Each structure stands twice: as C-alpha cells, then as structure tokens.
Amino acid sequence: MTVHHELPTTTDFATLAGEHHPAITIYAATSPVVSERERAEVAVKSLFDEAIDRIRSGGAETSEVDALKVERDAVLGDRSLWAGLSRSLAIFVAPGFTDVYVLPNRLDDAVHAGSHFVLGQLLRAPSQDQEAFAVTLSSNEWALWHALPTARAEQMPLDPDLPRNLDDAANREAGEGLRRRGGGHGDRGTNEGDRRPEIHDIYAKRVADAVWHELQEHDPDARVPLFVFAAEPLLSSFLDRAHNGRRVVGVQGGPDRLGAAEIDGELRQQLAQLNVNEAKTALTGLADGSAGRVERDLAAIGRLAADGAVECLWFDFTTSVNGTLDHESGAIEFATDHGNGDALSDGRHAGDLLPELAMLVIARGGKVVTVRGDDLEDSVWDGPAMAELRFALT
C-alpha cells in the first residue's frame, strides 16, 4: 500500500489509468479533527463493504474477492494513515494494489466498483487552487495565515513592531499626534473619541500595508488568492488598500472565535466557491467570444486533444461517460447504452472517458478544470465536457 500526502502527479495518474479489474474506488470526506476520525473510518469501511458486495455479485472469483479484502484490511488497519487525515481520502484498490491519497480539498463521498478506477474527483485536487493566504482582522487582534495544498493553514510570523490590535494602533497614533502638537493631555482626551472611525481606518490600512509587504516576499507573482475575514468597518478599510493584481476576497464576519482548524475549513470552502465563480466567468467569456474555439462533442475533443489542439478542458466530475480512448489517435469507442454501459459492444471492459480525456489534454500541454455541473446551472454549461481550442476551427 502506498499513501500519498502530496497532490497526484501525471505519473500517478498514469499508474491509476487503464484496466485494473476488479477495481474499487472510494472517495470519503474526512477531517483532521480527532473527534471526527471514527466517523470517517466507519464510512470508509461501509463503502468498502458495498463495493466488495457489488464485485462478488458481479461474478468475481473467490480469490479476487479475498485479495480485495486483504487490501481493505490494510487500509483500515493503518494507524499512521488515520492519525494523519486531512479533509478527504481517495482510495484505489485492486488485487495486489492499493494507492491512498490524503487530500486537502473536500470531496464527495462516493464508491465505484468495476474494471477501471474512477479518477474524476482525484483530478479536482491538482486542477483547482488549493493554496491561499488569509487575514483574520478584528479590533482585538489580527493574523496572517498560509494554507498549502498539502498542509493546514498556519500563522505566518510577523514583525513585532507592527500594531497588535486597534488599541495599540490608537495609542501609537495618539502618541504621534502629541509629538506633532508638542504635548498636552487635553488634546488627546478631547480628540480620541472623535477620531475613533479614523483610528479604525488607520489600523486596517497599516495591517493591509504589512500584509502586502509579506505577500510580496512570499508570492511576488500574486498567484495565490487572499481571503480577508473581518467585520465592517475594518473589512472595507482593508480592501481599499488591495493592489498588485492579486485576487482578494472579503469574507464578512468577526473571526475572533476561529481557531486554526476553523480557519483552514473556512479557507477551503471559500477556495471551492472561488473556483466555481472563476469557472463560470471563464466559460461565459469563452462562449461569448468563441468564434469557433469551443467544442462540446466528446469524439471531436478526443481527436483534437491527441493533436495537442485543446488549450483547456472543462469536465463534470459528477458525470460518467464510459468507453475507451486511443491516446495516439484520440479515437473514442463508446460503451453500450450510449456510453452508460460498463462494456463495449464486443464485451471488452470500458472505463470513464472524461478523466481519460483530461489526462490526454494534460499530456499534450493543455490545462484541465474540473467542475460540478450542478454548480454551473445558471451559466452556459451544458456538459459533460467543454473544450477551448488553441485555434479556431474553420
């Protein structure tokens, strides 16, 4: 059994692709919180039992079923695996073969038993943003966080000379004002209450300037999005200082009661929504100005992908279209029942074509974005896949 704590690579996908009959695929939502591990273990065991029952009822030999049980027991009995959970598990089991991925993004519980592994949800992890910065800002304190694709959000070290909270910023500002005016306690007492909104603004903008300085050091290309957790008026004052082309998302609400686990959970949810919103925007823009650069027919996408003509492929990971794909020519042969069956017309096993197409696009230098079709109902999406071409078809 191999346990992966890194995002899957092209080599990993190549290992999982193809026929692994009989094959079990399990996706399960988990949690790094200790109290929730038992629920995850029970859920995974139940999904394993369901998959093995399907394979047994499908006519598998006793030796194959026994081999799958050995792999299942190895997964369930690995204490180091269950002690180091993130937000999801992706488990791929065949006789003599087990790969487990511990992933930071939330996946939907699912189980599949067949001749091929189902890789659609696994492709979500490397195809979408899984890294983010966050600011938690309140009158009481502020902090800068960094969540990595394979690690939970942690606080970043900051300059100790920066104001720690609103009162610290107010005291410093009052002291600076006294020095400018030559002293006098009456000035401070008279003006402090009147200047409270101004102090909020000064505090938020000082924090913003400190954040931009830190992010410029860590991410000079402004590739990673920033989420700002704060209540008004601090949120608006901070956002007024946003710059440098970075994607910045304000999240309304006081963050004082959020611990590290809650910050990470909120970040992952916000990242997921950001990915959905950006997919909608990209698809709408592509449809509005397509001029022959959009293809939705899977057979055509296969041929174009093999020629390296697909710039980006969007596909619905909640949908399966079964068949086989020739990676040299891009030719597709659909399974029976218009791609809904488990085998070709001649009885050969069929797998899910959408992840296969995605891997071919990646191998030819293209990009892949996984989507959930239900999230895109008010967009131009009409699934199960949509390809942006490198050049317009004439």
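Residues numbered from 1 in each chain as written. Predicted model: local features only at pLDDT ≥ 70, side-chain atom pairs only at ≥ 80, totals over all residues. Heavy atoms only, no water.

(A) The arrangement of the sheet that holds strand S3 (residues 88-94) in detail. Spatially, five strands are ordered S1-S4-S3-S2-S5 in an open sheet, and the strand pairing comes out mixed. Since the sheet does not close on itself, it has two edges, and those belong to strand S1 (2-4) and strand S5 (110-116), each with one partner. Across this sheet, the average inter-strand angle for adjacent strands is 15 degrees, counted without regard to direction. Bridge count for S1 against strand S4 (residues 97-103) is three bridges, and the pairing is parallel. When the sheet's bridge partners are listed, Val3 is paired in S4 with Val100. Where helix H2 (residues 37-57) meets the sheet, its contacts fall on strand S2 (19-29), S3 and S5, and the angle it forms with S2 comes to roughly 155 degrees. Along the sheet, helix H3 (residues 62-76) makes contact with S2, S3 and S4, crossing S3 at roughly 150 degrees. (Pairing = 2+ DSSP bridges. Helix = DSSP H or I, 4+ residues; strand = E, 2+ residues; numbered from the N terminus. Axes fitted to C-alpha atoms, helices over the stretch in contact; angles between N-to-C directions. Contact = heavy atoms within 4.5 Å.)

(B) Representation of the pairing of strand S9 (residues 226-230). Most of S9 is tucked away: five of the five residues are buried. Because side chains alternate across S9, one face comprises the buried residues Leu226, Val228 and Ala230, and the other comprises Phe227 and Phe229, equally buried. Direction of pairing for strand S6 (residues 132-137) relative to S9: parallel, over a ladder of five bridges. Bridge assignment links Phe133 to a residue of S9, and that residue is Leu226. The pairing of S9 with strand S10 (residues 248-252) spans five bridges and is classified as parallel. Paired with Val228 across the bridge in S10 is Gly250. (Buried < 20%, exposed > 50% of the residue type's maximum accessible area, 1.4 Å probe, protein only.)

(C) Focus on empty space enclosed by the protein. If you walk through the whole model with that rule in mind, you get one cavity of 30 Å³ or more. Its boundaries defined by the atoms lining it, the largest cavity holds a volume of some 70 Å³. Every residue along the wall of the largest cavity is listed here: Leu16, Ala17, Gly18, His116, Phe117, Val118, Leu119, Gly351, Asp352, Pro355, Glu356 and Met359. When contributions to the lining of the largest cavity are tallied by element, the ones reaching two or more residues are strand S15 (351-352) and helix H13 (353-363). Ranked by residue count, the leading element in the lining of the largest cavity is H13, at three residues. Split into classes, the residues belonging to the lining of the largest cavity amount to seven nonpolar, three polar and two charged. (1 Å grid on protein atoms, 1.4 Å probe; cavity = no way out; pocket = protein on both sides within 12 Å on 5 of 7 lines; lining within 4 Å. Points joined across faces, edges and corners; volume = space filled by probe spheres on them. Nonpolar A, V, L, I, M, F, W, Y, C, P; charged D, E, K, R; others polar.)

(D) Up close: unusual backbone geometry. For the peptide bond that leads from His21 to Pro22, omega is -10 degrees, which places it in the cis range. In this structure, Pro22 sits in strand S2. In this structure, Pro233 follows Glu232 across a cis peptide bond, with omega equal to 5 degrees. Even without being a glycine, Ala222 presents a positive backbone phi close to 55 degrees. Of note, Ala222 is situated in the loop between helix H8 (196-218) and S9. One non-glycine residue with positive phi stands out, namely His338, at about 55 degrees. For His338, the location among the structural elements is in helix H12 (residues 336-339).

Coordinates in, geometry out; function isn't part of it.
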